Amino acid sequence: MSKYKQYDETTKRTIVELYEKGKSATDLAREYGLSVKNIYNWKKLYGTIKAEDGTLTNNKEIIELKKENSKLQQEVEILKKAMVIFTKK
């Protein structure tokens, strides 16, 4: 059994939102019984990032999109190779 408390994604996002609205990391750490380092790590993962076009995103979304993009690029390469094989016949 782990001695550390596990927080779900919703709670993490809520704490990051409170931090971004101005509540100090120290106060949040005391209130929720976690370390300040956790809050900063969660901020990196779930904190909002404003893109050049004004849309808001976060690092987790960016990581997921990069994974999906990589998978799609692999599929394209496989299809290109298959097309070469089938057009030779």
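Brief notes about the nonpolar core
Grouped together as the largest cluster of nonpolar side chains are 10 residues: Tyr7, Ile15, Val16, Ala25, Leu28, Ala29, Leu34, Ile39, Trp42 and Tyr46. For this core, the elements supplying multiple residues, two or more each, are α1 (9-20), α2 (25-32) and α3 (36-46).

A short note on the packing of aromatic side chains
Scanning the model with the defined rule gives 2 aromatic pairs in all. Residues Tyr7 and Trp42 carry aromatic rings whose centres are separated by 5.5 Å and whose planes lie at 70 degrees to one another, so their mutual orientation is edge-to-face. Taken together, the residues span a long stretch of sequence, with Tyr7 in the segment before α1 and Trp42 in helix α3 at a distance of 35 residues. Residues Tyr19 and Tyr40 carry aromatic rings whose centres are separated by 5.9 Å and whose planes lie at 85 degrees to one another, so their mutual orientation is edge-to-face. Of this pair, Tyr19 sits in helix α1 while Tyr40 is found in helix α3, placing the two residues 21 residues apart along the sequence.

Structural notes on the environment of Gly47
Relative to the assigned elements, Gly47 resides in the loop between α3 and β1 (48-50). Given a relative accessible area of 2%, Gly47 falls into the buried group. For Gly47 and Lys60, which are 13 residues apart along the polypeptide, the C-alpha to C-alpha distance reads 9.0 Å. For Gly47, the contacting residues outside a window of four places in its chain are Val16, Glu20, Trp42, Thr57, Asn58 and Asn59.

Considering the confidence of the model for the protein
Summary statistics for the protein give a mean pLDDT of 90 and a share of 94% for residues scoring 70 or more. Here β1 is the element of the protein with the lowest mean pLDDT, 85, and α2 is the one with the highest, 95.

Comments concerning the pattern of salt bridges
Following the criterion strictly, the structure yields 7 salt bridges and no others. A salt bridge links Lys60 to Glu9; its shortest N-O distance comes to 2.9 Å. One end of the pair, Lys60, is in helix α4 (residues 59-88); the other, Glu9, is in helix α1, and 51 residues separate them in sequence. You can call Lys60 partly exposed: its relative accessible area is 21%. Overall, Glu9 belongs to the partly exposed group, its relative accessible area being 32%. Residue Glu17 pairs with Lys21 through a salt bridge whose shortest N-O separation is 3.3 Å. Since its relative accessible area comes to 65%, Lys21 is described here as exposed. One continuous salt-bridge network, built from bridges that share partners, spans Glu9, Arg13 and Lys60.

Rules and cut-offs
Residues numbered from 1 in each chain as written. Predicted model: local features only at pLDDT ≥ 70, side-chain atom pairs only at ≥ 80, totals over all residues. Heavy atoms only, no water. Core = buried A, V, L, I, M, F, W, Y, C linked by side-chain atoms within 4.5 Å. Buried < 20%, exposed > 50% of the residue type's maximum accessible area, 1.4 Å probe, protein only. Helix = DSSP H or I, 4+ residues; strand = E, 2+ residues; numbered from the N terminus. Phe/Tyr/Trp six-rings, centres within 6.5 Å; stacked < 30°, edge-to-face > 60°. Contact = heavy atoms within 4.5 Å. pLDDT = per-residue confidence, 0-100. Salt bridge = Lys/Arg side-chain N within 4 Å of Asp/Glu carboxyl O.

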